[in-house]
Amino acid sequence: MSKLIKKVYTVAAITTASLLSTHVFAQSAPVICPGYKKSSTNIVGERAGKKIQKALESYNNDLVDEALEILYEINAKDGYDRAFTDNFIGKMLAGKDNQGPKALEYLEGSVKNKELNDSEHANTMRLVADLSMQEKKYENAIKWYNNWMEFTCKKDADVYTRIAQAYYETKQLPKMIEPADKAIALYEKPNKNPYVLKLTSYYERKMYKETVDVSEVLVKTFPETGEWWVRLGFFYMLVENYPKALSTFEIAYNQGYLSKKSEIKALVQLYATNEIPYKAAKILDKYMGTGLIDKDEKTLANLANSYHQAREYKTAASFYEQAAKLANGKDAADLYRKQGILLLSAEDYKGAVKALETALERGADQQGRIYIALMESNIYLGNFRTAYAHAEKAKKFKNVARNARAWAPYIKEKAKNRGIKI
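Residues numbered from 1 in each chain as written. Predicted model: local features only at pLDDT ≥ 70, side-chain atom pairs only at ≥ 80, totals over all residues. Heavy atoms only, no water.

Now for the nonpolar core. Within soluble globular proteins, side chains that are nonpolar generally end up buried alongside one another. Counting residues in hydrophobic clusters, the biggest one holds 79 residues, and the most contacted among them are Phe249 and Ile411. The leading source of residues in this core is helix H12 (residues 226-238), at eight residues. The residues touching Phe249, leaving out its near neighbours within four places in the chain, are Val230, Gly233, Phe234, Met237, Leu258, Glu263, Ala266, Leu267 and Leu270. (Core = buried A, V, L, I, M, F, W, Y, C linked by side-chain atoms within 4.5 Å. Buried < 20%, exposed > 50% of the residue type's maximum accessible area, 1.4 Å probe, protein only. Helix = DSSP H or I, 4+ residues; strand = E, 2+ residues; numbered from the N terminus. Contact = heavy atoms within 4.5 Å.)

As structure tokens, this is what we get:
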């Protein structure tokens, strides 16, 4: 089952385009806290402003390294000029390969104190959180996402999803549930990611009932996604609810959602478990024919067994024979024995004799039962002397001796009536 639950990385990769707005001074929506009053707008001082303007011109001409060198020269010690300069440097570094940690250093420095204008401050806190996710600094990401929500008074579904993801990455599995639930409630259009994060949290903690509950919601919310039907079926199997597992897999199969060998085998197993052997046999037969399921000894024997349970004796016997030809030693002998017994039931007495004699030649166990079956087959073929000889051999085996002794007089009488002396 562990293979069915892949690690779900729901947070989109943070690219340069998403880290750097089309203009470094782009502003987000206003802070929406109750009673919020917009603070006065700060502007960069003249001395720092000249260098920043020059750096901006270089940046707009795609001369990022040149722009950075200009910004590094700015000597502002504190206040808005320092925060703005660090913010500009951080955003440009964020757009360069392998500069994430350094970018975080500058960006966090720019919002350590509330120096930036409100929108700049809010944007940067969100950027720090996103960049922390990219750099796998998950605890830091959680802190800054929460700081951003506290400062802006915004409840954001994507942010809660990312917090849940960060808890997953740090193996704080119980803490994933609350932000995932908040994300689910906030999304206007259902999003699979928080559901999958909840499911993963429960599954990895072996809380299988809760795993099933979330999986059921996933199926109801995204009924067109075959993956969720398949997973729900497997989860029902995990909690041993085989009737529901079968009905779920049947729906998935009828909708064309089952494509993997493991999924088809699960459906076959469920038909067998729910005592529907004929359907188990037909599905297994079909996909063995397509090549999806290997035509090996074990599969052929399982197919034969399903047909056997469905009382399709001739068909079952045929597959036992195919399995026997791929087997060795006593495994092959036992498969030939099963073939012979079924051919006897199907009234193919010549075929039964051949299979049973092959089983004996291969050293099969249960020899007493084989001799009894050979005896019966030969009686029906009218070979009374041979039948009697098998009865005599069967007497040597405790488990069938009484049965053999009962048959012996009957065989003699039938032979006598036909003028055959034994």
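Our focus in this paragraph is the packing of helix H4 (residues 79-94) against helix H6 (residues 118-134). The N-to-C vectors of H4 and H6 enclose an angle of 40°; their axes lie 12 Å apart at closest approach. As H4 runs across H6, the sense of the crossing is left-handed. Between H4, through Tyr80, Phe84, Asn87, Lys91 and Ala94, and H6, the contact on the second element is made entirely by Glu120, Thr124, Leu127 and Leu131. For the contact of H4 with H6, the per-class residue count stands at five nonpolar, two polar and two charged. (Axes fitted to C-alpha atoms, helices over the stretch in contact; angles between N-to-C directions. Left-handed = near helix turned anticlockwise from the far one by under 90°. Nonpolar A, V, L, I, M, F, W, Y, C, P; charged D, E, K, R; others polar.)

Moving on: the environment of Ile43. Mapped onto the fold, Ile43 is located in the loop between helix H1 (16-19) and helix H2 (46-60). Residue classification places Ile43 among the exposed residues on the basis of a relative accessible area of 70%. Remark: the alpha-carbon pair of Ile43 and Lys137, spanning 94 residues in sequence, is separated by 32 Å. Look past the residues within four positions of Ile43 in its chain and what remains in contact with it is Tyr80 and Asp81.

Should the pLDDT be low somewhere, the predicted coordinates at that spot are not to be read in detail. Per-residue confidence for the protein chain averages 90 on the pLDDT scale, and 93% of its residues sit at or above 70. Predicted confidence for residues 1-28 stays below pLDDT 50, and this span has 61 contacts to residues more than four positions away or in other chains. (pLDDT = per-residue confidence, 0-100.)

One can describe the packing of helix H19 (residues 349-361) onto helix H20 (residues 367-381) by two numbers: an axis separation of 9 Å at closest approach and a directional angle of 155°. By the angle between their directions, the pair H19 and H20 is classed as roughly antiparallel. You can see that H19 and H20 cross each other, and the crossing is left-handed. Residues Tyr349, Lys350, Ala352, Val353, Leu356, Glu357, Ala359 and Leu360 of H19 pack against Gln367, Ile370, Tyr371, Ala373, Leu374, Ser377, Asn378, Tyr380 and Leu381 of H20. A breakdown of the residues in the contact of H19 with H20 according to their chemical character gives 12 nonpolar, three polar and two charged. (Parallel < 35°, antiparallel > 145°, perpendicular 65-115°, else oblique.)

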